[in-house]
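Residue-level structure breakdown
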Amino acid sequence: MRQAGTYSGISGRNNGPHSLPLARIKRIMKGSSDEVKMISGEAPIVFSKACELFIEEITKRSWAMTVQGKRRTLHKEDVASAVVATDVFDFLVNIVDSDHHPSSFVNSEKSTDIVILPET
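Presented here is a report on the structure given in the accompanying data block. Since the model is a prediction, treat every value here as computed from it, not as a measurement.

Some details on the packing of helix α2 (residues 22-31) against helix α3 (residues 42-68)
- Two numbers describe how α2 lies on α3: the axes approach to 9 Å, and their chain directions differ by 100°. The pairing of α2 with α3 is recorded here as roughly perpendicular in orientation. Within the contact between the two elements, α2 uses L22, I25, K26 and M29 and α3 uses A43, P44, I45, F47 and S48.
- Counted by class, the contact of α2 with α3 contains 7 nonpolar, 1 polar and 1 charged residues.

Given below as structure tokens:
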């Protein structure tokens, strides 16, 4: 039986500055192409940090949509709106459910600026 800490990322040992599971990242990297055979130990750490930054950025942009809607709970529609409104996230447009895009965002100008919200 696995311990709760295994799932929550809480463990007694110091795993460094990353918080995402490196084994899972390595598995995704290897599964991305049949040509990828060997991966250095440092590569998944870099990917982990990149994923953390990606999650932070899309969350900030999604939260801005939540605030704009005068709500306090972030919904998947907020994520979809943030994806549609930002050129950098164009690769995700087919992933988010198009039924949840507010029509005002579909035809609006896309933003390439990075939004830095104050930390709370």
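From this point, the discussion proceeds with the structure in view.
Side note on the nonpolar core
- Among the nonpolar cores identified, the biggest contains 6 residues, and these are I58, A80, V83, F89, L92 and V96.
- The residues touching I58, leaving out its near neighbours within four places in the chain, are V79, V83, F89 and L92.

Side note on the environment of L92
- With respect to the helices and strands, the residue L92 is situated in the loop between α4 (76-84) and α5 (103-106).
- On the accessibility criterion, L92 (13% relative accessible area) is buried.
- As a C-alpha pair, L92 and A80 span 12 residues in sequence and 8.8 Å in three-dimensional space.
- Here L92 is in contact with F54, I58 and V83, once residues within four sequence places are set aside.

Here is what the cut-offs are and how they apply
Residues numbered from 1 in each chain as written. Predicted model: local features only at pLDDT ≥ 70, side-chain atom pairs only at ≥ 80, totals over all residues. Heavy atoms only, no water. Axes fitted to C-alpha atoms, helices over the stretch in contact; angles between N-to-C directions. Helix = DSSP H or I, 4+ residues; strand = E, 2+ residues; numbered from the N terminus. Parallel < 35°, antiparallel > 145°, perpendicular 65-115°, else oblique. Contact = heavy atoms within 4.5 Å. Nonpolar A, V, L, I, M, F, W, Y, C, P; charged D, E, K, R; others polar. Core = buried A, V, L, I, M, F, W, Y, C linked by side-chain atoms within 4.5 Å. Buried < 20%, exposed > 50% of the residue type's maximum accessible area, 1.4 Å probe, protein only.

Keep in mind these numbers describe shape, not what the thing actually does.
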